[in-house]
2 protein chains.
Amino acid sequence: MAQEGITSVQNPLVKRLHQLLERKGREAQGRFLIEGAHLVEEALKSGAEVTTILYDAERDMDAALRRELGNHAREVQVVAASDAVLAKLSETKSPQGIVAEVKRAERSWAEWMQEREATGDGKLLLLLDEIQDPGNLGTILRTAEAAGVDAVVLGKGCVDLYNGKVVRATMGALFRLPVFSRPLPEVADEWKERGGRLLVSTLHEKSISYDAADYAQQTAIVIGNEGRGVSRAMVDRADQLVHIPIYGRAESLNAAVAAGIFVYEAKKKLKDRLS
Amino acid sequence: MAQEGITSVQNPLVKRLHQLLERKGREAQGRFLIEGAHLVEEALKSGAEVTTILYDAERDMDAALRRELGNHAREVQVVAASDAVLAKLSETKSPQGIVAEVKRAERSWAEWMQEREATGDGKLLLLLDEIQDPGNLGTILRTAEAAGVDAVVLGKGCVDLYNGKVVRATMGALFRLPVFSRPLPEVADEWKERGGRLLVSTLHEKSISYDAADYAQQTAIVIGNEGRGVSRAMVDRADQLVHIPIYGRAESLNAAVAAGIFVYEAKKKLKDRLS
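Residues numbered from 1 in each chain as written. Chains lettered and ligands numbered in written order. Predicted model: local features only at pLDDT ≥ 70, side-chain atom pairs only at ≥ 80, totals over all residues. Heavy atoms only, no water.

### Some details on the packing of aromatic side chains
In this structure the tally under the stated criterion is 16 aromatic pairs over all chains. Here Y264 of chain A and Y247 of chain B contribute two aromatic rings whose centre-to-centre distance is 6.3 Å and whose plane-to-plane angle is 35 degrees, an arrangement assigned as tilted. One end of the pair, Y264 of chain A, is in helix 11 (residues 255–274); the other, Y247 of chain B, is in the loop between strand 11 (240–243) and helix 11 (255–274), on a second chain. What makes Y264 of chain A buried here is its relative accessible area of 2%. Ring geometry for F32 of chain B against Y162 of chain B: centres 4.5 Å apart, planes inclined by 40 degrees, an arrangement best described as tilted. Highlighted residues: F32 of chain B in strand 1 (residues 31–35) and Y162 of chain B in the loop between strand 6 (151–154) and helix 8 (164–170), separated in sequence by 130 residues. Taken as a pair, F32 of chain B and Y162 of chain B share a single burial class, namely buried. (Phe/Tyr/Trp six-rings, centres within 6.5 Å; stacked < 30°, edge-to-face > 60°. Helix = DSSP H or I, 4+ residues; strand = E, 2+ residues; numbered from the N terminus. Buried < 20%, exposed > 50% of the residue type's maximum accessible area, 1.4 Å probe, protein only.)

Quick look at the structure:
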């Protein structure tokens, strides 16, 4: 690792990386930033394409990360940087002294569907309809990965997957879970043509309780916007409208909590079905 | 309502209310601040003691709130204020032009327990052990109220219930749900003495899956700190250690998501038991 480091915020690499704090820059460069030793370690372990790491030479690098880096010495450019440089590239109040650039992994939805179909296994998908809060989106992805969801599809109107708050809230799940950005009505139509079942979470009068729903071997669950719920186009395509009962006077549940209750119920029912 | 309003941030009322943005001020005065028309409306509807409302005279007051205020005209002081005054009392990026002062409702835990015992009904409690993130705490309270949890107890080390972020994340559940601050080991001992069952969420090797746990008619569920989990004192007191299985490579679930999955499972089992 370099001992001489970058000290100027005018350094061309720093200027380029700084553009990744905005969606426009991330889309132009096809890359995004992550910060914190734990997230960088998770990215490396999960096989994400980490290109550059900037670290605070004055602090000891996290031991687990240093070990993990040993396995990736050739691919990753590791550069010492000053506090000012790291602060410029950080979005958090207490920068952790390490920032990394990661290439976006572009997977093909068509290929993923074909591969999964070839295995003949059950599938559980989560379709997100205009989830706009970054913390919610990140927490939903963290939960989906934990629950063994096979893939997540982000419809139009979702917050950018590579937004720093989203990435941090995923706690690394972003690097392990297949996530696609696709128009949801198209995905729903394709899913149903292939025999998949579509459950749509909504407080519609015809909806049934989540624990009474029929979770088929191929199930996709749609979770909607924090305020407006699921779009009409998806409600119209539902095989079943489902809801989580509200026993108090609350108007709704937080979107990430609702997603967690749904996917764990689905997982339980799918396990019972297979056992 | 006054048409002449407060325009100086040096106004004594404004200076006093400003102290409520800090925990110290809230504790000294026994009051807290809420912002946004919806939250103020919820506070009034729920019978919370709203003492003062400052509103932006340049904006139309939310119609539902105006109607609700009609029922409380005598108790509540309603004062117009300038943008600068409202901004000084707001913690959000986009102030909604309305701020209210609310008295903390101090309920007696002993009385609540006695009342509940007298009814002979089942009880579901949620005990929170050092939940430190304000968004998590607020979302847990929102979820608990929705799930029909009877009361929540905050142990030592939890973030202040009246922190602005907590209050906003509750979406008004704070005004409807009995919440107590008590040392959890004492509450646990008392609960068990009275025949209640204590389930503790932890990834301990002896823990069983949340859906296999025995949810008795009197059940208290303990959820622990975001990083360290539940304290040893509570693990030692558990009747059953329970966990939510992780099917992916995630290390844990978000505390609010975990709480949601637990309380909805408990509610379902308690309903089945009673039906």
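### Re the domain arrangement of chain A
All names here are of chain A. Under the domain assignment used here, chain A contains domain 1 (5–103) and domain 2 (109–274). Each of domain 1 and domain 2 has a C-alpha centre, and these two points are 31 Å apart. Listed as interface residues are 13 residues of domain 1 and, on the opposing side, 14 residues of domain 2. Carbon and sulfur atoms make up 61% of the area that domain 1 and domain 2 hide from each other, which totals about 1,100 Å². Together, R26, F32 and L39 form the three largest contributors to the area buried by domain 1 at its contact with domain 2, with a combined 40%. Across the domain 1-domain 2 interface, the total number found is four salt bridges. Close ionic contact of R168 with E91 constitutes a salt bridge, the shortest N to O distance being 3.3 Å. There are four residue pairs in polar contact (both at pLDDT 80 or more) connecting domain 1 and domain 2. Among the secondary structure elements, those contributing two or more residues to the side of domain 1 that touches domain 2 are helix 2 (23–29), strand 2 (31–35) and helix 3 (37–45). Looking at the side of domain 1 that touches domain 2 residue by residue, the class counts come to six nonpolar, two polar and five charged. (Domains from an automatic or database assignment. Contact = heavy atoms within 4.5 Å. Buried area = accessible area lost by both parts, 1.4 Å probe. Salt bridge = Lys/Arg side-chain N within 4 Å of Asp/Glu carboxyl O. Polar contact = N/O pair within 3.5 Å; in protein donor to acceptor, adjacent residues only side chain to side chain. Nonpolar A, V, L, I, M, F, W, Y, C, P; charged D, E, K, R; others polar.)

### What about the UniProt feature "domain: RNA 2-O ribose methyltransferase substrate binding" (unreviewed entry) in chain A?
Feature annotation in UniProt assigns "domain: RNA 2-O ribose methyltransferase substrate binding" (unreviewed entry) to the following positions: residues 33–108 of chain A. For residues 33–108 of chain A, the end-to-end C-alpha separation is 22 Å, with 30% helix and 28% strand making up the annotated structure. (UniProt positions renumbered as here; feature names shortened; annotations may be inferred.)

### Things to note about helix 4 (residues 63–70) of chain B
Residues and elements named next belong to chain B. L65, E68 and L69 are the residues of helix 4 that are buried. The buried residues of helix 4 occupy an angular sector of 100 degrees when the element is viewed end-on, so they sit on one face. Away from its buried face, by an angle of more than 90 degrees, helix 4 presents the exposed residues R67 and G70. Between the side-chain oxygen of the N-cap and the backbone nitrogen of A64 there are 3.2 Å, and the N-cap of helix 4 in question is D62. (Arc of directions from axis to C-beta.)

### As for the interface of chain A and chain B
Tallying the contact residues gives 34 residues for chain A and 34 residues for chain B. Taken together, both faces of the contact between chain A and chain B bury some 2,800 Å²; the carbon and sulfur share is 53%. Of all residues in chain A, Y247, R249 and Y264 of chain A bury the most surface against chain B, accounting for 24% of the area lost on that side. Applying the counting rule to chain A against chain B returns four salt bridges. Salt-bridge contacts for R249 of chain A lead to E42 of chain B; the nearest nitrogen and oxygen are separated by 3.7 Å.

### What to know about the pairing of strand 7 (residues 151–154) of chain A
All names here are of chain A. Here strand 7 shows a buried face lined by A151 and V153 and a second buried face lined by V152 and L154. Here strand 6 (residues 123–128) runs beside strand 7; their pairing, made up of four bridges, is parallel. In the strand pairing of strand 7, L128 is matched with L154. In this region the chain leaves strand 6, passes through helix 7 (residues 134–146) and returns to the parallel neighbour strand 7; the handedness of that crossover is right-handed. Looking at chain direction, strand 7 and strand 8 (residues 179–181) are connected through three bridges and run parallel. Bridge pairing in strand 8 places L154 opposite S181. (Pairing = 2+ DSSP bridges. Right-handed = clockwise from strand over helix to strand, strands pointing away.)

### Brief notes about the relation of the copies chain A and chain B
Overlay of chain A on chain B (RMSD 0.0 Å): rotation 180 degrees, translation along the axis 0.0 Å. Taken together, the rotation and translation describe the operation of a two-fold axis. With an isologous cut-off of 70% or more, the 100% of interface residues of chain A that recur at the interface of chain B puts this contact in the isologous class. (Least-squares fit on C-alpha atoms with pLDDT ≥ 70 in both.)

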